Amino acid sequence: MSSQQQTVDELIRSDYEHGFVTAIESDTVPPGLNESVIRTISAKKNEPEWMLTLRLQAYQHWLTMEHPDWAHVQHPPIDFQAVSYYSAPKRKEDGPQSLDEVDPQLLDAYNKLGIPLEEQKALAGVAVDAVFDSVSVATTFRKNLADVGVIFCSMSEAVQEYPELVQKYLGTVVPYKDNFFACLNAAVFTDGTFVYIPEGVRCPMELSTYFRINEANTGQFERTLIIAEAGSHVSYLEGCTAPMRDENQLHAAVVELIVMDDAKIKYSTVQNWYPGDAEGRGGIYNFVTKRGDCRGARSHISWTQVETGSAITWKYPSCILRGDDSVGEFYSVAVTRGMQQADTGTKMIHLGRNTRSTIVSKGISAGRGQNTYRGLVRMTPRAENARNHSQCDSLLIGDRCGAHTFPYIEVRNPTAKVEHEATTSKIGDDQLFYCRQRGLSEEDAVSMIVNGFCKEVFNELPMEFAVEAQKLLNLTLEGAVG
Amino acid sequence: MLSIKNLHVSIEDKAILKGLNLEIAAGEVHAVMGPNGSGKSTLSHVLAGREGYEITDGEVLFNGEDLLSLEPEQRARLGIFLGMQYPVELPGVNNMTFMRESLNAVRRGRGEAELDAVAFMKRVREKAKLVELDDRLLKRSVNAGFSGGEKKRNEILQMAMLEPQLAILDETDSGLDIDALRVISGGVNALRSPDRSIILITHYQRLLDYIQPDFVHVLVDGRIVRSGDKQLALELEKKGYGWIEEEAAA
Ligand SMILES: Nc1ncnc2c1ncn2[C@@H]1O[C@H](COP(=O)(O)OP(=O)(O)OP(=O)(O)O)[C@@H](O)[C@H]1O
Ligand SMILES: [Mg+2]
């Protein structure tokens, strides 16, 4: 067996570190989807009539839609009637007011993940809105944020407390008719995060949410909405891990960003859902719609994602560059190993003049992993002097995995310029031998080479997150060497 | 220190080394010369533990220990260093970080404490001066886009950092300009010591003017067919390999 092959096999066998289950009683709606389930969700959340109407509208439309089949992924048909659409951790009275009131088992779960809230609080001023299953159970740093007028709360809370903002913006970037999964989400979303940054405010800290699926067979339908008013600035971090499961779990989130004149949203994700076992059993199906609307002039959206988990990842964080001189960026690292499949990329829709976009995509495939980059760059007739630069690199570890690149480019303005570069390389035996000859273990050698490959993307992550992402990547590619 | 006995190695069923014997004591410098394709790099790879070679017979002892059963990183930690004929590029891996990881892995292997950042930096700067390696190369990715000569300097820098017991330098002199040859040889000479042995693989007698070997061996068709002192190298330069090959075949 060559050393290459050996590494691959070891990588494949490495266990999912976050695969444990927390025994917390859940208040779960029985599986199945119909109008009454949606009414139940809405009622449980005590939602206003307009919210229920939106949900039912989406549901009716969803019934007319077909599951999309264009992505380069394969999975058995999803039985949407087998999914439970609501689950909330049981809470004392009306839920915890502080960390002390949070279920110790829940805190313990975070501890096992290496993200204890206590430590988080101390860590570089990160405010944490932790979503455990579908309902937020802990929110910190609210006061500091409130002092500068920043709203950072769960979507359920926002619907109660800031209905006019939610009504004004929800669904304006990703309308329910957008696609199959976004439509499903609009009908059944249970919770998520709401952020509002008032005009001219620089958010004083990184905002961060940890997601985690816990209930067997519970679909997760997060809904996130971030609004950055003129001249404001916010950096938002999203990270997730999930416990080990046998059945495939469905995850269909929607994220909408709205950025006004001279404002900037930096959205960073580390995604580490359970990827399934070596034979491809279990694992999360992650169908996400993320889109940002650069409504204002000189507005700026930067997506950075590190995708290491999920059995299937279907995700295209996109930017609508509507405002003149607006800027869209997409930095991505996607890792697939075992039987994982990722079909991810971005869409940069250039509507305004002098709009600029940058795409840096790094795909890593090991084992029998399949990694697809799918990107669209569209220069519309109004997009005078618009610019795009795309760089898509693939790294193969072993020879049973695959990398695919599908760049779609549409240019309908003669002054617009699009540049696309793509490379595919393989971790060579010679590179591994070189590192090992210098005393590094095979594992360290692989991680060093892979981290080198991903550097451009990691550089875009906030510092603490970059360290975490690097650790996660090492963990993902860690074998049983030694 | 190193004892190679009757070493037979094949690649994909093709015999490359066919009964090679070599004894190296501490502090000695052995030059290995020989025609293209005779098996010099194969020997260096086998000593360092590269996979893909089948050892069909023979043994290699390093300080009495069976070397061939060890992983490449274990050998490196025991103090074996291979300066490669074609140093490999590692895009995105910072040269300094790489050296630090490497040094600390070797030190851990030897049961020594890791060097802290300050001590490490001091050492790199000092050693970089030895091989006159431009500071900027330390900040770049390992060997990526380095010129041929820069790659070789970087190899010697790593050797200086790791302080190996046995250094195998595979054509470290190939592709060097005159000044670089002098600098690199100076670097190697500075590393000579009574407890460090060196195998110097080269095609050029000229290198041996700079680095005086204790022994010169001629490798032909997988065997050492002649050994001598520096005179042998001079003779080879004059007469080529033809006469030795004929003698060996006879
Ligand atoms: N991976 C391989 N597959 C097949 N043959 C190989 C492989 N590696 C080396 N060889 C062969 O083994 C023989 C010895 O090669 P080696 O590189 O050891 O020679 P060398 O003495 O270092 O030559 P040079 O002076 O040109 O560097 C050559 O015939 C070469 O073609
Ligand atoms: Mg050679």
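A. How the structure looks around the site of ligand 1. Residues and elements named next belong to chain B. The environment of ligand 1 is made up of 14 residues, and the closest members are G37, K40, S41, T42 and H203. In the environment of ligand 1, an oxygen atom lies 2.8 Å from a nitrogen or oxygen atom belonging to the side chain of H203. A total of 640 Å² of accessible area belongs to ligand 1 in isolation, and the protein chains cover 64% of it. If you list the elements that add at least two residues to the shell around ligand 1, you get β2 (14–24) and α1 (40–48). Top element by residues in the shell around ligand 1 is α1. It accounts for three residues.

B. Broad picture of the side chain of E171(B). Residues and elements named next belong to chain B. When you line up the elements, E171 lands in the loop between β9 (166–170) and α7 (178–191). Looking at E171, its side chain comes within polar contact range of the side chain of H203, at 2.9 Å. Here E171 is in contact with K40, Q85, K152, I201 and H203, once residues within four sequence places are set aside.

C. Expanded view of the coordination of the magnesium ion (ligand 2). With distances of 2.0 to 2.2 Å, the protein atoms coordinating the magnesium ion (ligand 2) are S41(B) (OG) and Q85(B) (OE1). Of the two residues, S41(B) is situated in helix α1 and Q85(B) in the loop between β6 (80–83) and β7 (90–94); the sequence distance between them amounts to 44 residues.

D. Examining the confidence of the model for chain B more closely. A residue-level look at chain B finds 100% of positions with pLDDT of 70 or above and a mean pLDDT of 92. The ipTM for the predicted assembly is 0.95, set against a pTM of 0.77.

E. Broad picture of the packing of helix α3 (residues 95–109) of chain B against helix α4 (residues 117–130) of chain B. Residue and element names in this part refer to chain B. Interhelical geometry of α3 versus α4 gives an angle of 110° and a closest axis separation of 11 Å. When the axes of α3 and α4 are compared, the pair comes out roughly perpendicular. Contact residues: α3 offers M96, M99, R100, L103 and R107, while α4 offers A117, F120, M121, R123 and V124. Along the lines of polarity and charge, the residues of the contact of α3 with α4 split into seven nonpolar, no polar and three charged.

F. Examining the packing of aromatic side chains more closely. Residue and element names in this part refer to chain A. In total, this model carries 15 aromatic pairs over all chains according to the counting rule given. Measuring from centroid to centroid gives 5.0 Å for Y236 and Y267, while their planes differ by 40°, and the two rings are tilted. Of this pair, Y236 sits in strand β9 (residues 233–241) while Y267 is found in strand β12 (residues 264–272), placing the two residues 31 residues apart along the sequence. With relative accessibility at 0%, the residue Y236 sits in the buried group.

G. View of the interface of chain B and chain A. Contact residues are listed per partner, giving 33 residues for chain B and 22 residues for chain A. Interface area for chain B against chain A, summed over the two sides, is near 2,100 Å², with a carbon-plus-sulfur share of 60%. The tally of links between chain B and chain A comes to four salt bridges. We note a salt bridge from E73(B) to R436(A), for which the minimum N-O separation is 2.7 Å. Between the two partners, chain B and chain A, sit 14 residue pairs in polar contact (both at pLDDT 80 or more).

The rules we used
Going along each chain's sequence as written, the residues are numbered from 1 onward. Chains carry letters from A onward and ligands carry numbers from 1 onward, assigned in written order. Given that this is a predicted model, residues contribute local features only at a pLDDT of at least 70 and side-chain atom pairs are listed and counted only at 80 or more, while totals for whole chains, interfaces and linings are drawn from all residues. In computing side-chain properties, one takes all heavy atoms of the structure into account and sets aside hydrogens as well as water. Working definition: residue near molecule or strand if any one of its non-hydrogen atoms lies within 4 Å of it. Pairs of N or O atoms are called polar contacts if they sit within 3.5 Å, as long as, within protein, a hydrogen donor faces a hydrogen acceptor (for residues adjacent in sequence, only side-chain-to-side-chain pairs). Note on areas: Shrake-Rupley with a 1.4 Å probe; residue coverage comes only from the protein chains shown. Numbering goes from the N terminus for both helices and strands, where a helix is a DSSP run of H or I of at least four residues and a strand is a run of E of at least two. Any two residues whose heavy atoms approach within 4.5 Å are treated as being in contact. Donor atoms: N, O and S within 2.8 Å of the metal, or within 3.2 Å for Na, K and Ca. Because water is excluded, sites can look incomplete. The quantity known as pLDDT measures the predictor's confidence residue by residue, on a range of 0 to 100. Axes here mean lines fitted to C-alpha atoms, for a helix over just the part in contact, with angles spanning 0 to 180 degrees between N-to-C directions. For classification purposes, angles smaller than 35 degrees are called roughly parallel, those larger than 145 roughly antiparallel, those between 65 and 115 roughly perpendicular, and all remaining angles oblique. In this count, Pro and Cys sit with the nonpolar residues alongside Ala, Val, Leu, Ile, Met, Phe, Trp and Tyr, while Asp, Glu, Lys and Arg are called charged and the others, Gly among them, polar. Here is the rule: rings of Phe, Tyr and Trp (six-membered ring for Trp) pair when centre to centre is within 6.5 Å. Planes less than 30 degrees apart are stacked, more than 60 are edge-to-face, and the remainder are tilted. Accessibility here uses a 1.4 Å probe with only protein chains present; expressed as a share of the type maximum, an area under 20% marks a residue as buried, one over 50% as exposed, and anything in between as partly exposed. Buried area: the accessible area, evaluated with a 1.4 Å probe, that two parts lose upon being put together, summed over both parts. Whenever a carboxyl oxygen of Asp or Glu lies within 4 Å of a side-chain nitrogen of Lys or Arg, that contact is scored as a salt bridge.

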